[in-house]
Amino acid sequence: VFRGNIGAEFDAMMDELGRLLGREDQARAVIAEAKAAVDTVVSRTRRLPPRKVFIQIGMNPLHTSPEGTFIHEYITFSGGINVAAHEKSGNYSREKVLETNPDVILISGMGTDTAGAEQEKRTWLNYSSLNAARTGEVHVIDSEILCSPTPVSFADALAYVAALIHPPHPGELP
(Lines give C-alpha, C1' and ligand atoms only; values in the text may rest on other atoms or scores of the structure.)
Protein backbone atom coordinates (compact mmCIF):
# COMPACT_ATOMS: atom_id res chain seq x y z
CA VAL A 1 0.00 0.00 0.00
CA PHE A 2 1.35 3.44 -0.87
CA ARG A 3 1.71 5.48 2.27
CA GLY A 4 2.25 9.15 2.89
CA ASN A 5 2.01 11.68 0.13
CA ILE A 6 3.32 9.54 -2.70
CA GLY A 7 0.20 7.39 -2.88
CA ALA A 8 -2.19 10.32 -2.87
CA GLU A 9 -0.10 12.11 -5.51
CA PHE A 10 0.01 9.04 -7.77
CA ASP A 11 -3.71 8.39 -7.34
CA ALA A 12 -4.56 12.00 -8.21
CA MET A 13 -2.13 12.07 -11.16
CA MET A 14 -3.47 8.85 -12.67
CA ASP A 15 -7.10 9.80 -12.04
CA GLU A 16 -6.56 13.10 -13.85
CA LEU A 17 -4.65 11.49 -16.70
CA GLY A 18 -7.32 8.79 -17.07
CA ARG A 19 -10.06 11.43 -17.07
CA LEU A 20 -8.29 13.57 -19.67
CA LEU A 21 -7.72 10.60 -21.95
CA GLY A 22 -11.12 9.03 -21.33
CA ARG A 23 -9.43 5.93 -19.89
CA GLU A 24 -10.35 6.00 -16.22
CA ASP A 25 -10.51 2.20 -15.94
CA GLN A 26 -7.01 1.78 -17.38
CA ALA A 27 -5.67 4.45 -15.02
CA ARG A 28 -7.16 2.66 -12.02
CA ALA A 29 -5.66 -0.63 -13.23
CA VAL A 30 -2.20 0.94 -13.47
CA ILE A 31 -2.46 2.30 -9.93
CA ALA A 32 -3.72 -1.06 -8.60
CA GLU A 33 -0.84 -2.90 -10.27
CA ALA A 34 1.73 -0.44 -8.87
CA LYS A 35 0.23 -0.70 -5.38
CA ALA A 36 0.39 -4.50 -5.56
CA ALA A 37 4.06 -4.32 -6.58
CA VAL A 38 4.82 -1.97 -3.67
CA ASP A 39 2.93 -4.26 -1.28
CA THR A 40 5.05 -7.19 -2.46
CA VAL A 41 8.29 -5.35 -1.65
CA VAL A 42 6.99 -4.15 1.73
CA SER A 43 5.85 -7.65 2.69
CA ARG A 44 9.21 -9.19 1.64
CA THR A 45 11.26 -6.70 3.64
CA ARG A 46 8.97 -6.17 6.65
CA ARG A 47 10.51 -8.90 8.79
CA LEU A 48 14.12 -8.36 7.77
CA PRO A 49 16.46 -6.55 10.14
CA PRO A 50 16.38 -2.83 9.34
CA ARG A 51 19.52 -1.46 7.74
CA LYS A 52 20.79 2.11 7.89
CA VAL A 53 20.81 3.69 4.42
CA PHE A 54 22.18 6.89 2.93
CA ILE A 55 20.99 7.89 -0.55
CA GLN A 56 23.15 10.56 -2.13
CA ILE A 57 21.40 12.47 -4.91
CA GLY A 58 23.93 15.21 -5.46
CA MET A 59 27.67 15.52 -5.25
CA ASN A 60 28.60 19.16 -5.02
CA PRO A 61 27.14 20.00 -2.62
CA LEU A 62 26.43 16.63 -1.06
CA HIS A 63 22.65 16.21 -1.08
CA THR A 64 20.17 13.62 0.18
CA SER A 65 16.43 13.20 0.80
CA PRO A 66 14.94 13.71 4.25
CA GLU A 67 11.56 12.51 5.49
CA GLY A 68 8.58 13.53 3.35
CA THR A 69 10.19 12.73 -0.02
CA PHE A 70 9.58 9.81 -2.34
CA ILE A 71 13.26 8.86 -2.08
CA HIS A 72 12.83 8.58 1.70
CA GLU A 73 9.91 6.25 0.98
CA TYR A 74 12.14 4.03 -1.18
CA ILE A 75 14.23 3.47 1.96
CA THR A 76 11.42 2.98 4.47
CA PHE A 77 9.29 0.80 2.17
CA SER A 78 12.40 -1.37 1.69
CA GLY A 79 12.83 -1.96 5.40
CA GLY A 80 15.62 0.54 5.73
CA ILE A 81 16.31 3.45 8.05
CA ASN A 82 17.06 6.74 6.33
CA VAL A 83 20.05 8.15 8.23
CA ALA A 84 19.09 11.63 7.00
CA ALA A 85 15.36 11.34 7.75
CA HIS A 86 15.21 14.15 10.30
CA GLU A 87 17.26 16.72 8.45
CA LYS A 88 15.49 20.02 7.74
CA SER A 89 16.84 20.12 4.19
CA GLY A 90 18.63 17.77 1.85
CA ASN A 91 22.02 19.39 2.38
CA TYR A 92 24.34 16.94 4.06
CA SER A 93 28.02 16.41 4.77
CA ARG A 94 30.50 13.57 4.62
CA GLU A 95 31.04 14.02 8.35
CA LYS A 96 27.34 13.33 9.01
CA VAL A 97 27.47 10.23 6.83
CA LEU A 98 30.53 8.99 8.71
CA GLU A 99 28.83 9.76 12.04
CA THR A 100 25.65 7.85 11.14
CA ASN A 101 27.71 5.02 9.61
CA PRO A 102 25.17 3.58 7.13
CA ASP A 103 25.15 -0.08 6.14
CA VAL A 104 24.32 0.83 2.54
CA ILE A 105 25.10 3.91 0.42
CA LEU A 106 23.26 4.49 -2.85
CA ILE A 107 24.54 7.22 -5.18
CA SER A 108 22.66 8.97 -7.97
CA GLY A 109 24.64 11.49 -9.97
CA MET A 110 21.68 13.79 -10.67
CA GLY A 111 22.65 15.05 -14.07
CA THR A 112 26.35 14.27 -13.89
CA ASP A 113 27.88 11.61 -16.00
CA THR A 114 28.30 8.10 -14.70
CA ALA A 115 32.02 8.71 -14.23
CA GLY A 116 31.27 11.34 -11.57
CA ALA A 117 29.01 8.97 -9.64
CA GLU A 118 31.58 6.18 -9.94
CA GLN A 119 34.26 8.52 -8.59
CA GLU A 120 31.98 9.31 -5.65
CA LYS A 121 31.60 5.58 -5.04
CA ARG A 122 35.39 5.17 -4.97
CA THR A 123 35.61 8.05 -2.49
CA TRP A 124 33.12 6.39 -0.12
CA LEU A 125 34.89 3.05 -0.41
CA ASN A 126 38.09 4.70 0.86
CA TYR A 127 36.50 5.29 4.29
CA SER A 128 37.50 2.01 5.92
CA SER A 129 35.61 2.82 9.14
CA LEU A 130 32.32 3.07 7.21
CA ASN A 131 30.10 -0.05 7.40
CA ALA A 132 29.00 0.30 3.77
CA ALA A 133 32.62 0.56 2.60
CA ARG A 134 33.78 -2.43 4.67
CA THR A 135 31.05 -4.65 3.19
CA GLY A 136 31.26 -3.20 -0.33
CA GLU A 137 27.67 -1.97 -0.20
CA VAL A 138 28.18 1.32 -1.99
CA HIS A 139 26.19 1.35 -5.23
CA VAL A 140 25.59 3.76 -8.11
CA ILE A 141 21.99 4.05 -9.33
CA ASP A 142 20.98 5.72 -12.58
CA SER A 143 19.16 8.96 -11.73
CA GLU A 144 16.48 8.15 -14.32
CA ILE A 145 15.57 5.08 -12.27
CA LEU A 146 15.73 6.76 -8.88
CA CYS A 147 14.50 10.29 -9.44
CA SER A 148 11.69 10.25 -12.02
CA PRO A 149 8.79 8.38 -10.44
CA THR A 150 5.50 7.47 -12.00
CA PRO A 151 3.33 4.86 -10.29
CA VAL A 152 4.93 2.06 -12.32
CA SER A 153 8.51 3.36 -12.25
CA PHE A 154 8.24 4.02 -8.49
CA ALA A 155 7.31 0.38 -7.92
CA ASP A 156 10.13 -0.82 -10.21
CA ALA A 157 12.71 1.48 -8.57
CA LEU A 158 11.50 0.38 -5.13
CA ALA A 159 12.12 -3.28 -5.99
CA TYR A 160 15.60 -2.36 -7.25
CA VAL A 161 16.44 -0.31 -4.15
CA ALA A 162 15.07 -3.03 -1.85
CA ALA A 163 17.34 -5.62 -3.49
CA LEU A 164 20.33 -3.34 -2.84
CA ILE A 165 19.35 -2.70 0.78
CA HIS A 166 18.54 -6.37 1.44
CA PRO A 167 20.50 -8.38 -1.12
CA PRO A 168 19.05 -11.83 -1.68
CA HIS A 169 20.89 -14.74 -0.14
CA PRO A 170 22.09 -17.44 -2.52
CA GLY A 171 19.09 -19.39 -3.81
CA GLU A 172 16.61 -16.63 -2.84
CA LEU A 173 14.68 -14.52 -5.28
CA PRO A 174 15.17 -10.73 -4.93
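On a predicted model such as this, the values are computed, not experimentally measured, just so you know.

Participant: Got a minute to help me understand the overall build of the protein chain in this structure?
Facilitator: Regarding its fold elements, the protein chain presents 8 helices and 6 strands. In sequence order, the protein chain lays out its α and β elements as α-α-β-β-β-α-β-α-β-α-α-β-α-α. What you see for the protein chain is a C-alpha radius of gyration of 17 Å, in line with the 16 Å of a compact globule of 174 residues. Looking at the 174 residues of the protein chain, the share that counts as buried comes to 42%. As presented, the protein chain carries roughly 9200 Å² of accessible surface, and 54% of it is formed by carbon and sulfur atoms.

Participant: Help me out: how do you make sense of the packing of aromatic side chains in this one?
Facilitator: Here a ring pair, both rings aromatic, is described through the centre-centre distance and the interplanar angle of the planes. Within the structure shown, the criterion is met by 6 aromatic pairs. With a centroid separation of 6.2 Å and an interplanar angle of 70°, the aromatic rings of Phe54 and Trp124 are classed as edge-to-face. With Phe54 in strand S1 (residues 51-56) and Trp124 in helix H5 (residues 114-125), this pair connects stretches of sequence that are 70 residues apart. Taken individually, Phe54 and Trp124 each receive the classification buried, so the pair is uniform in this respect. By the ring-pair criterion, three or more aromatic residues cluster together here, those being Phe54, Tyr92, Trp124 and Tyr127. It is Arg94 that lies over the ring of Trp124; its NZ or CZ is 4.6 Å from the centre.

Participant: Help me understand the sheet that holds strand S4 (residues 80-82), please; the structure alone is not making it clear to me.
Facilitator: The 4 strands lie next to each other as S4-S1-S5-S6, forming an open sheet whose pairing is parallel. Two strands in the sheet have a free side with no partner beyond their single neighbour: S4 and strand S6 (138-140). Neighbour to neighbour, the strand axes of the sheet diverge by 30° on average, direction disregarded. Contacting S1 and S4, helix H3 (residues 70-77) crosses the sheet at an angle of about 145° to S4. With respect to the sheet, H5 is in contact with S1, strand S5 (104-107) and S6, its orientation differing from that of S6 by roughly 175°.

Procedures and definitions
Residues numbered from 1 in each chain as written. Predicted model: local features only at pLDDT ≥ 70, side-chain atom pairs only at ≥ 80, totals over all residues. Heavy atoms only, no water. Helix = DSSP H or I, 4+ residues; strand = E, 2+ residues; numbered from the N terminus. Rg over C-alpha atoms; globule rule 2.2 N^0.38 Å. Buried < 20%, exposed > 50% of the residue type's maximum accessible area, 1.4 Å probe, protein only. Areas by Shrake-Rupley, 256 points an atom, 1.4 Å probe, with all protein chains shown as cover. Phe/Tyr/Trp six-rings, centres within 6.5 Å; stacked < 30°, edge-to-face > 60°. Lys NZ or Arg CZ within 6 Å of the ring centre and 35° of its normal. Pairing = 2+ DSSP bridges. Axes fitted to C-alpha atoms, helices over the stretch in contact; angles between N-to-C directions. Contact = heavy atoms within 4.5 Å.

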